[in-house]
Amino acid sequence: MTKIKTNTERETTSLAGELALLLKPGDVITLEGELGSGKTTFTKGLARGLGVKRNISSPTFTIIKEYEGELPLYHMDVYRLENSEEDIGFDEYFDGNGISVVEWAQFIEEFLPDERLNIKISYIDEHKRELEFTPTGTHFKWVVNELMS
């Protein structure tokens, strides 16, 4: 586990943009954090790093939003699937050509791949956040090491 503190929204999006450059098709990132902690802000930075031009917004009511960039971005907010066992084709995304970002991933734990990068975002104050990176699998350990160097 690795922790990084950011002091501004710009630092948070910049960190996410740097992370994007280390990812490959089929990578899955889970984002954990309270409402307003910065999960969508982080995803905006990741999208920018992937070359996505469209505006990123939370997919709360649609569950999954797809964005085209140098790699596709699949942004999922699975909060509404709490207490549901519905599989809406997660494998097609997780095994696909893009990067999957899953907010509230604990609600679909049984569908998540074993290898992924879990990121917990904690609210410190209006601008500051603490991001805790927990990689599972060799690839994501490499990704976090590269991000820290």
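Residues numbered from 1 in each chain as written. Predicted model: local features only at pLDDT ≥ 70, side-chain atom pairs only at ≥ 80, totals over all residues. Heavy atoms only, no water.

Engineer: Hey, could you go over the overall build of the chain for me, with residue numbers and the actual values?
Structural biologist: A count of helices and strands for the chain gives four helices and seven strands. When its helices and strands are written in sequence order, the chain yields β-α-β-α-β-β-α-β-β-β-α. Here the C-alpha atoms of the chain give a radius of gyration of 14 Å, agreeing with the 15 Å that 2.2 N^0.38 yields for 149 residues. Referenced to the eigenvectors of the C-alpha coordinate spread, the extents of the chain come out at roughly 40 × 30 × 30 Å. The 149 residues of the chain split such that 52% are buried. Taking contacts inside the chain between residues at least 6 apart in sequence as the whole, the part at least 24 apart equals 59%. A gap of 8 Å separates the mean positions of the 16 positive and 27 negative side-chain charges of the chain. (Helix = DSSP H or I, 4+ residues; strand = E, 2+ residues; numbered from the N terminus. Rg over C-alpha atoms; globule rule 2.2 N^0.38 Å. Buried < 20%, exposed > 50% of the residue type's maximum accessible area, 1.4 Å probe, protein only. Contact = heavy atoms within 4.5 Å. Lys, Arg positive; Asp, Glu negative; His and termini not counted. Charge placed at Lys NZ, Arg CZ, Asp CG, Glu CD.)

Engineer: Go over the nonpolar core with me, naming the residues and quoting the values.
Structural biologist: Leu19, Ile29, Leu46, Leu73, Ile119 and Phe133 are the most contacted members of the largest nonpolar core, which has 29 residues in total. Not counting residues within four places of it along the chain, the set of residues in contact with Leu46 comprises Ala16, Gly17, Leu19, Ala20, Leu23, Ile29, Leu73, Ile99 and Val101. Counting residues in hydrophobic clusters, the runner-up holds 16 residues, among them Met76, Phe94, Ile108 and Phe111. (Core = buried A, V, L, I, M, F, W, Y, C linked by side-chain atoms within 4.5 Å.)

Engineer: For the confidence of the model for the chain, give the residues involved together with the corresponding values.
Structural biologist: Note that predicted coordinates carrying low pLDDT should not be read in detail. On average, the chain scores 91 in pLDDT, and the residues at 70 or more come to 93%. Taking the mean pLDDT of every element in the chain, the minimum, 91, falls on helix H3 (residues 90–94) and the maximum, 98, on strand E7 (residues 129–136). (pLDDT = per-residue confidence, 0-100.)

Engineer: Could you give me a rundown of the sheet that holds strand E2 (residues 28–32), with the residues and numbers involved?
Structural biologist: Read from one edge to the other, the open sheet built from seven strands follows the order E1-E7-E6-E2-E5-E4-E3, with strand pairing classed as mixed. Pairing within the sheet leaves two strands with one partner each, and these edge strands are strand E1 (2–6) and strand E3 (64–67). Neighbour to neighbour, the strand axes of the sheet diverge by 20 degrees on average, direction disregarded. Here four bridges tie E2 to strand E6 (residues 116–123), and the two strands are oriented parallel to one another. Counterpart to Glu32 in the pairing with E6 is Lys120. The strands touched by helix H1 (residues 9–20) within the sheet are E1, E2, E6 and E7, with E1 carrying the most contacts at an inclination of about 140 degrees. (Pairing = 2+ DSSP bridges. Axes fitted to C-alpha atoms, helices over the stretch in contact; angles between N-to-C directions.)

Engineer: Tell me about the packing of aromatic side chains, residues and numbers included.
Structural biologist: Per the stated rule, a full pass over the model turns up four aromatic pairs. Judged by centre distance (5.4 Å) and plane angle (35 degrees), the ring pair of Phe90 and Phe111 falls under tilted. Of this pair, Phe90 sits in helix H3 while Phe111 sits in the loop between strand E5 (99–103) and E6; the two residues are 21 residues apart in sequence, bridging distant segments of the chain. The residues Phe90 and Phe111 share a single accessibility class, namely buried. With a centroid separation of 6.4 Å and an interplanar angle of 15 degrees, the aromatic rings of Trp104 and Phe107 are classed as stacked. Here Trp104 matches Phe107 in class, with each residue buried. Ring pairing ties together the aromatic residues Phe90, Phe94 and Phe111, which thus form one cluster. (Phe/Tyr/Trp six-rings, centres within 6.5 Å; stacked < 30°, edge-to-face > 60°.)

Engineer: So, the pairing of E3: which residues are in play, and what are the values?
Structural biologist: Where E3 and strand E4 (residues 73–77) come together, four bridges link them in antiparallel fashion. By the bridge assignment, Lys65 is partnered in E4 with His75. Taking the residues that link successive antiparallel strands as the turn, the E3-E4 hairpin has five residues.

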